[in-house]
Amino acid sequence: MESVLLLSPITALEFVGEHLLAGEGPILSVYSLKSETESYRNCLKNVLGNCHIHGIKQCCLQNSETFGQLLAVFGGKCLIVLQFNESNGGAVLQEVSRLWELHDWIWDVQWLAVSNEKALYLGLALGHNSVVLYDYTVGKPLKEVHCEEKCILYSAHFFGQTWHELVLISGTVFNQLVVWRMSGSANTDGRIKTEKRISGHNGVIFSVFYLQNKGILASASDDRSIRLWNVGDLKQDPSFSPDLVQCLLMLYGHQSRVWSVKLLNDYIISIGEDSACIVWNYSGEILHHFKGHVGRSIRAVAVNEDQGWVVTGGADSGIRLWKIGKHILEEDGPVCLNLCGVTITGLPKAVTLVGQSQLLVMTDAGCVYSYCLISKQWNFILEDSSYQSYSLLEVVELLNGLVLCAIGNITGHIKIFLLSCPGEYIEKKIYNGKVHSLSWAFHKEYNADRCNLFCSGPEGIMVWLEVLCCNNCIVSVEGKHHYLLPMCKQRWHTGIAFLHQEDLFVCGDRRGSLLLYSCTAAKVTDGGSKLYKAALFPKNSSVELENYVRLDVKNPVLEKVTLQGQEPVSILYGLHGKVGATSVCFHEGFIYSTGRDGCICQLKVEGGQLKVLRSQRVCKGMDWIEQLFFTPENDLLVLGFHSISFVLWSTRTNEKLWSVHCGGGHRSWSYIRTNFQNIFAYIKSGDIFVCQRQLSDYSQPLIKECLHGRELACVRHLTGFKKTNCEHVKILVTGSEDTTMNIFAFSESLGYIEKLATINDHISSIKAMAVSVVEKTNTCTSAVLFSGGGRAQLECYQLLLNYSPTTCDVKSQVIHLASHRLDEQWDHMRNRHKLIKMDPETRYMSVAVLNDETKPEGSHECLLVAACSDGFIRMFKLQENNKKLLLLAESCFHQRCVLRVEVFSYQPACGQRRTFMCSAATDGKIAFWDITELINRVQSAHNFVDLEHGILDLGCPESVLQIHQSGVSSLHIRDTEKDGEYLLATGGDDNAVHLCFLTVDLASDAVEPSAVTKHHPNNSEVAVEHCVSHCSVQVIKKLSAFFAHAAHVTGVRILDVGLLASTSIDQRLTLWKIEEDGLQFLCSKFCHVADVADLECWKEENSKTHFFALCGQGLQIIKSQESGLTQV
């Protein structure tokens, strides 16, 4: 068995020139960092066997004659020395020594030079406060000295380049720092005396670092503090006085334990359990607070002081690069333009940024001014007293470089002009009332000399004007169409986007609705559309407006008509709630909308109607999302407001890129993103403030993408796509305690994952997932994903995966189908006062899918059975058209937590197909249910309403088996080559693995509930309880491995060719051969994933390779060749 992928916490980082070395489990990876924006992995190598890498120490001594860079890599009790070389632009790791194992835990390693010898030795700080002089070439300790302070260490740090000058600073379990040197005097027991004990921390000390040129010692502790101590030069003054040691600084900034601290010449770097990397100065001020890792901890940090790089590795298996330096340590705050000292008429009412150097301002006196951000100069544009008090300002830059401006007032006038020629304008009265909103929008043709202006006025009438510009002047303004918005209190549009594939455009309004309109000419009819209620579109909703068929600058033609606006062809009323939609855009065939409800909606047009694919919140606390930006790096930037702050959020790195305290979004503001910088301008307290920030200030690159921030609870294999080189791209989905699911692609040749999508709709931890593949081709797969977890929540999604053979890229689309929560079900139940209330804190422990065979091919409707922590087994029905998960039936037979559930079916030679369900609980019993009649009843229902009359009772199981002594934590069932025979594999908390041969007996007579004991050829016993039924499940043989693992078994899978796989908390994947007389042990593989929670197995098409995915505190994929297993 061979490991092909490992995603686990990053526990060690070290810079070697332009390369970064990272320890992940026992694997040492080398990343080339040619620049801060370009990084790639050069090579990886398993160097520590079954131990995790905890430290990497490079040799910096002058007398090393070895070509290349020597590295000491250690972790646990193991140590190995490697040689790092660069070859043809790549990195090569060669073993200089064997993998040595010591008698104690290694805390730190120091390269030591020996006088009059060319050899190099290692100083090893061990876990019980002793130091070993070690010859790594032969794996022999030359000398070992012990400190008189007998204790266990939590950290250690060496200083010195020879054994004589070697000093060790130990962080003890007694919250002290102990300083002692190898050449110190010994006591009567032969132990070296300590030179100093430094106290002050209120918790154990996790990290120690000494900077010689400042004579400062830094310590990080469990008490969430970092302390700096003045210890002087440890090399020159071996007998320093205790009075000279003083605490210089106590730094508090982390919200949890501090894992590590490093001292630089100008900065202090610390990382902690709160997933934060903090940059301090020596005055104790926080200069920067990096927060990009997800989850609970940053485990490793490395610094390249010459480049100004700080690299952090987290428990989320991600590696981030941060930049430190004066250009980012003190961010430029908002710059006030100080209008009091400028000759400007009126107070600013609206601001708009144009390009990267110009700001347009409209005042309450009807004046328009421009401000150059470079020259800091004001320029007068125009003045019109009819636009005072109330005015709107919208600006767009055409592809030919011209800037079009439109302003609207309270009397229904709209003035359109070019910024370069404000004196030549077109102004006409469009409405008999105020202009509520203005929006510029580019048509799908993207003509360089024209743009489209949409304006909303009284009675919900929206007018579309097309503006043509040429030779630095406005040639014409053509009135295209006019439309009618739904009836609401604030009846105007907030955003427009044209669709590229069809002759349609989508509009968002102030009521939070999304509307789909046709671009073709409106037809005047007596009646309205039958699709909408009269309350939304009254028949008398007509308004007198001035429709300009053709407006010429020299000879504008005015035609006054009274028409009824065109209604939308599709409407999603109140999609973003009552607070309103803020923007709509069209990107790669999908519609995206944002709103003040804090949600982003992804939609598409299907059959001429708007269809919501997915709605999600990207950031906790950001309740006002204003706009979306799609970057060339495939990052989605979210622009919005969090309380009183303007926020720029990255969905790819899941971090806040920029935050400006502007007072909130209820003001005129403008944001623009250029190739080099971001600019944000806003009005506050009658003045204008401008913030500018370079893109390089916050473009912190991802060296390695993260997986999850908490433990993984489940993993499922979705599908695979075959590449041209006969390799398969594997698609998997993982569910975690951090309430998210990740869909990612993995290829063996690349050796890393590519995250395709993240789903974060759960409000509590995810415990179980189930997948049903609906359609599959060589390049496309459609599947249904069910997920369940805490707070009695179920979610259902459709996953569309498309593979491009030319680019080898996989794109995913997530469509939310339905959701269900027990507390919401309870709130809608009738006569609930007569019933026992459902526990809203119920957790779904396991789910299984049963496809509806009566539905046509491609249908997503299916049945779902769920094992619940409140002792119930529940069955749900997915109705795709109604987007509902309906609770059909339930049973509380087990009367205790149900841990696992599976379904299987049997098709006899004659008669209908029988469907069975097996469930396992914490008492070690497995129950078998015949759910055929219930399924037939559900399938015979004519519509969804027929199923909503009440919750059915699943009744009693057909058979109950006592398999384990305690909880059944894993369960798998599959059929055999024999008709009506099945294999049932179970793993329990009693560390045992059992395999039962089952048969379905359809001719059994109805009997009263009873219990019998059957004896089998292998002398094993199975207690079977029968209940009244027309069929039963019988056990014909049972095979057992009572001590299969050293801890409870969390995953079992039955493979083909008579193989069984099991995994456990003991971090071992074991393969068993199914023999007639028992389970024969084949082989076992140590896994580097702690607390294994789930096991997933699959076999690629036309291949004899089995793949195993284990998840827990990380993810590991192991492959095994079938030929090798049979030989074993």
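Residues numbered from 1 in each chain as written. Predicted model: local features only at pLDDT ≥ 70, side-chain atom pairs only at ≥ 80, totals over all residues. Heavy atoms only, no water.

**Section: the overall build of the chain**
Consideration 1: Summing up its helical and strand segments, the chain has 4 helices and 91 strands in all.
Consideration 2: Out of the 1128 residues in the chain, the part that is buried amounts to 59%.
Consideration 3: The contacts in the chain between residues at least 6 apart in sequence include a share of 50% that link residues at least 24 apart. (Helix = DSSP H or I, 4+ residues; strand = E, 2+ residues; numbered from the N terminus. Buried < 20%, exposed > 50% of the residue type's maximum accessible area, 1.4 Å probe, protein only. Contact = heavy atoms within 4.5 Å.)

**Comments concerning the state of the cysteines**
Consideration 1: Applying the stated criterion across every chain, the model contains 0 disulfides.
Consideration 2: Cysteine cysteine 340 is unpaired, with the sulfur of cysteine 336 as its nearest cysteine sulfur at 7.8 Å.
Consideration 3: Overall, cysteine 340 belongs to the exposed group, its relative accessible area being 74%. (Disulfide = S-S within 2.5 Å.)

**Structural notes on the pairing of strand E66 (residues 766-776)**
Consideration 1: Sheet analysis places E66 next to strand E67 (residues 780-789), joined by 9 bridges and oriented antiparallel. Bridging across to E67, lysine 776 finds its partner in threonine 781.
Consideration 2: What sits between E66 and E67 in their antiparallel hairpin is a turn of 3 residues. (Pairing = 2+ DSSP bridges.)

**Remarks on the confidence of the model for the chain**
Consideration 1: In this model, the chain carries an average pLDDT of 85, and 87% of its residues clear a pLDDT of 70 or more.
Consideration 2: Taken together, the stretch residues 522-563 has pLDDT below 50 and engages in 86 contacts with residues farther than four places along the chain or on a different chain.
Consideration 3: Predicted confidence is poor over residues 1004-1029, with pLDDT under 50, and the contacts of this stretch with residues over four places away or in other chains come to 61 contacts. (pLDDT = per-residue confidence, 0-100.)

**What about the nonpolar core?**
Consideration 1: In terms of nonpolar packing, the biggest core is built from 37 residues, with Val638, Phe786, Tyr844, Phe876, Leu878 and Leu885 touching the most fellow members.
Consideration 2: A total of 4 residues in this core trace back to one element, the largest contributor, which is strand E71 (residues 862-868).
Consideration 3: Those residues within four positions of valine 638 in sequence are excluded, and the remaining contacts are Ile600, Val618, Met622, Ile625, Gln627, Leu628, Val647, Leu648, Trp649 and Thr651.
Consideration 4: Judged by nonpolar contacts, the second largest core, of 26 residues, contains Leu402, Ala406, Ile426 and Val435. (Core = buried A, V, L, I, M, F, W, Y, C linked by side-chain atoms within 4.5 Å.)

**Brief notes about the packing of aromatic side chains**
Consideration 1: All chains considered together, the criterion is met by 37 aromatic pairs.
Consideration 2: On the basis of an interplanar angle of 50° and a centroid distance of 4.8 Å, the ring pair of tyrosine 371 and tryptophan 378 is categorised as tilted.
Consideration 3: Judged by relative accessible area, tyrosine 371 falls into the buried class, the value being 7%.
Consideration 4: Take tryptophan 378: its relative accessible area is 18%, and that puts it in the buried class.
Consideration 5: A ring pair is formed by phenylalanine 641 and tryptophan 669, whose centres lie 5.2 Å apart and whose planes are at 70°; its orientation type is edge-to-face. Taken together, the residues span a long stretch of sequence, with phenylalanine 641 in strand E55 (residues 636-642) and tryptophan 669 in strand E58 (residues 669-673) at a distance of 28 residues.
Consideration 6: Take phenylalanine 641: its relative accessible area is 3%, and that puts it in the buried class. (Phe/Tyr/Trp six-rings, centres within 6.5 Å; stacked < 30°, edge-to-face > 60°.)

**Describing the pattern of salt bridges**
Consideration 1: Tallying each qualifying case throughout the model produces 29 salt bridges.
Consideration 2: Note that aspartate 823 is salt-bridged to arginine 821, the shortest N-O span being 2.7 Å.
Consideration 3: Accessibility expressed as a relative area gives 22% for aspartate 823, which makes it partly exposed.
Consideration 4: Between lysine 1037 and glutamate 1076 there is a salt bridge, and its shortest N-O distance comes to 3.0 Å. Of this pair, lysine 1037 sits in strand E84 (residues 1032-1041) while glutamate 1076 sits in the loop between strand E87 (1068-1074) and strand E88 (1079-1086), placing them 39 residues apart in sequence.
Consideration 5: Overall, glutamate 1076 belongs to the exposed group, its relative accessible area being 65%.
Consideration 6: Several salt bridges share partner residues, and in doing so they unite Lys730, Glu748, Glu1100 and Lys1119 into one network. (Salt bridge = Lys/Arg side-chain N within 4 Å of Asp/Glu carboxyl O.)

**A short note on helix H3 (residues 932-940)**
Consideration 1: Taken together, the buried positions of H3 are Thr932, Leu934, Ile935 and Val938. The buried residues of H3 occupy an angular sector of 160° when the element is viewed end-on, so they sit on one face. (Arc of directions from axis to C-beta.)

**A short note on the sheet that holds strand E22 (residues 246-252)**
Consideration 1: The strand order across the open sheet formed by 4 strands is E19-E20-E21-E22, and the pairing between neighbours is antiparallel. Two strands in the sheet have a free side with no partner beyond their single neighbour: strand E19 (205-211) and E22. Between one strand and the next, the sheet's axes are offset by a mean angle of 20°, whatever the strand orientation.
Consideration 2: Alignment of strand E21 (residues 225-230) against E22, held across 6 bridges, turns out to be antiparallel. The residue bridging arginine 227 from the neighbouring strand is methionine 250, located in E22. (Axes fitted to C-alpha atoms, helices over the stretch in contact; angles between N-to-C directions.)

**Focus on the pairing of strand E25 (residues 277-280)**
Consideration 1: In E25, alternate side chains face the same way, and those of Cys277 and Val279 on one face and Ile278 and Trp280 on the other are all buried.
Consideration 2: Pairing geometry for strand E24 (residues 268-272) and E25, over 4 bridges, is antiparallel. Across the sheet, the residue bridging to isoleucine 271 is cysteine 277, located in E25.
Consideration 3: Taking the residues that link successive antiparallel strands as the turn, the E24-E25 hairpin has 4 residues, and the phi of serine 275 there is positive, at about 60°.
Consideration 4: Counted between consecutive antiparallel strands, the loop separating E25 from strand E26 (residues 286-290) contains 5 residues, among which glycine 284 sits at a positive phi close to 90°.

**Observations regarding the sheet that holds strand E72 (residues 873-879)**
Consideration 1: Taken in spatial order, the 5 strands make up an open sheet running E70-E71-E72-E73-E77, and their pairing is mixed. The sheet terminates laterally at strand E70 (844-851) and strand E77 (952-953), the two strands that pair on one side only.
Consideration 2: Summarising the sheet, strand E73 (residues 884-891) and E77 pair through 2 bridges and their orientation is parallel. Within the sheet, the bridge partner assigned to glutamate 890 lies in E77 and is aspartate 953.

**Focus: a nonpolar patch on the surface**
Consideration 1: On the surface, Ile152, Tyr154, Val173 and Phe174 cluster together into a nonpolar patch covering about 350 Å² of accessible area.
Consideration 2: The class for tyrosine 154 is partly exposed, based on a relative accessible area of 32%. (Patch = residues over 30% accessible without salt bridge, like charges linked within 9 Å, V, L, I, M, F, W, Y side chains within 5 Å. Areas by Shrake-Rupley, 256 points an atom, 1.4 Å probe, with all protein chains shown as cover.)

**Side note on the environment of arginine 974**
Consideration 1: Position of arginine 974 among the secondary structure elements: in strand E79 (residues 968-975).
Consideration 2: Sequence separation between arginine 974 and valine 903 is 71 residues, and the spatial gap between their C-alpha atoms is 9.5 Å.
Consideration 3: Setting aside residues up to four positions removed in sequence, arginine 974 forms contacts with Tyr982, Leu983, Ile1054, Leu1055 and Asp1056.

**Looking at the environment of lysine 214**
Consideration 1: Examined against the element boundaries, lysine 214 turns out to sit in the loop between E19 and strand E20 (216-221).
Consideration 2: Along the primary structure lysine 214 and valine 231 are separated by 17 residues, whereas in three dimensions their C-alpha atoms are 9.3 Å apart.
Consideration 3: Setting aside residues up to four positions removed in sequence, lysine 214 forms contacts with Leu264, Asn265 and Tyr282.

**Focus on the environment of tyrosine 844**
Consideration 1: Examined against the element boundaries, tyrosine 844 turns out to sit in strand E70.
Consideration 2: Overall, the relative accessible area of 0% leaves tyrosine 844 in the buried class.
Consideration 3: Considering only alpha carbons, one finds tyrosine 844 and serine 787, 57 residues apart in sequence, at a separation of 8.9 Å.

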